[in-house]
Amino acid sequence: MTDGTKHLVDELLPRAETIEQQPPPVEYDEHLPRWRARMRSVLVKAVERESRFIAQIQERARTPLLDAYFTYSSILGTDSFFILSLPVFFFFGHDDLGRGLLLVLALGGYASSFLKDLFCSPRPFSPPVTRLTVMNHHLEYGFPSTHTTHSSSIALYLLLNTVFPYYYYCVYACTIIFGRVYLGMHTFTDCAAGLALGALAVGIHGLPLIQRWESWVFQGGAEVPLVLVAGFWTLLELVPMPADACPCFDDAVLSGAVALGSLLGRWALGARDARGKDVIMPGSGWAFSSGDHEWVRIPGDAVTWWSLAAVKMVVGIVLVFLWRMIAKFVLKRLLRVISPPSRQKLGVGNKIIYRHRSDTLTKVIVYAGVAILCCDVIPDVFVSLGLGVKSWP
């Protein structure tokens, strides 16, 4: 087993985290502006109160089965899960729904990351709480809960824009949100704030102003990519520097870069309906009648459809990971030569906190490229090969 594979396996194994004593509040008073330090002290008091309550919940409710269920279901609220699942929308003809969801996730992810680095509020204290985690989310601040922000915005957005029964979305969101408390990763306050951010992200995306802005993006000229890239980079520069070495900033970069790529791809290549309207997935139960010049119903072939669907997903995901691997390899070596200056700040314990712009630029290019591939390039390849993306006329 290679070191990289072993590291991935280790990250995906559930483990209990016991965290050392937090630095004294005076440290944060010295390294944060007064108003941020005051807000942090209010949040820390809430963490102290709720940590004891969460420990009591864990003592009474924890079982090995629930530990496994909530630990592994928490992956459904991560960026890795979104990268693997969101292509489904674009590979199977739900372009507008998927692109809207990406924008909603970007709004919530940016707001959550901004507030985490702004207030530097810790997660529930361990002890008395036992933190159960996979991956490295325990290294981030606690307020607000990004998992809750993402899961609530996904559930609400899909509830408002699809016809599936509402209880599917309720089960998904409640599993993620309560799981953050059960696992000792967040307080109720963290989750309440995340829930509010998720609802706010969906509400903002539904505003007429945002709809007009999207129309400008999709129909505008050469100024569109310049404005989008400059605006996104400005937003990243506005994220405050934290008082500790915290990876919260990555959530804003990754979710925002994916949304940026989805917009740039749509601007460059045009609407999906105009590019693939004459190709429908084989096995869907439709055929084009040249005599009547319209689509007519024929018997469907489930084996053909599902076989092609599996091939499309495997090919698409493999291409995405190849792009990530190659792009990171090239960019990291290129940016060693032309590395932009890093942001830095003296943090708690007199440790220098770095935010390397070269790393940020690498992630923006890589994940914007992932979105362009998934949202536009790969679906166009499927259409050109006669595989289609839609299963209906």
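## Examining the pairing of strand 6 (residues 352-355)
Part 1 of the reasoning: Residues of strand 6 alternate between two faces, with Ile353 and Arg355 buried on one and Ile352 and Tyr354 left unburied on the opposite face.
Part 2 of the reasoning: With four bridges connecting them, strand 5 (residues 343-346) and strand 6 associate as antiparallel partners. Note on strand 6: the bridge partner recorded for arginine 343 is arginine 355.
Part 3 of the reasoning: Counted along the chain from strand 5 to the antiparallel partner strand 6, the turn is five residues long, and its residue glycine 349 has a positive phi close to 75°.

## Focus: the state of the cysteines
Part 1 of the reasoning: The final tally for this structure, using the stated rule, is one disulfide.
Part 2 of the reasoning: For cysteine 246, the disulfide goes to cysteine 248, at an S-S distance of 2.2 Å. Residues cysteine 246 and cysteine 248 share a disulfide whose torsion about the S-S bond is about 50°; that sign makes it right-handed.
Part 3 of the reasoning: Cysteine 246 gets classed as buried once you look at its relative accessible area, which sits at 13%.
Part 4 of the reasoning: Take cysteine 248: its relative accessible area is 0%, and that puts it in the buried class.
Part 5 of the reasoning: Unpaired in terms of disulfides, cysteine 191 finds its nearest cysteine sulfur in cysteine 174, a separation of 11 Å.
Part 6 of the reasoning: Classification of cysteine 191 as buried rests on a relative accessible area of 6%.

## Brief notes about unusual backbone geometry
Part 1 of the reasoning: Cis geometry marks the peptide bond from serine 126 to proline 127, where omega comes out at -5°.
Part 2 of the reasoning: Relative to the assigned elements, proline 127 resides in the loop between helix 7 (95-119) and strand 2 (131-133).
Part 3 of the reasoning: Residue proline 144 is bonded to the preceding phenylalanine 143 through a cis peptide linkage, with omega at -5°.
Part 4 of the reasoning: Of note, cysteine 120 is a non-glycine position whose phi angle comes to about 55°, a positive value.
Part 5 of the reasoning: Accessibility expressed as a relative area gives 1% for cysteine 120, which makes it buried.

Thresholds applied
- Residues numbered from 1 in each chain as written.
- Predicted model: local features only at pLDDT ≥ 70, side-chain atom pairs only at ≥ 80, totals over all residues.
- Heavy atoms only, no water.
- Buried < 20%, exposed > 50% of the residue type's maximum accessible area, 1.4 Å probe, protein only.
- Helix = DSSP H or I, 4+ residues; strand = E, 2+ residues; numbered from the N terminus.
- Pairing = 2+ DSSP bridges.
- Disulfide = S-S within 2.5 Å.

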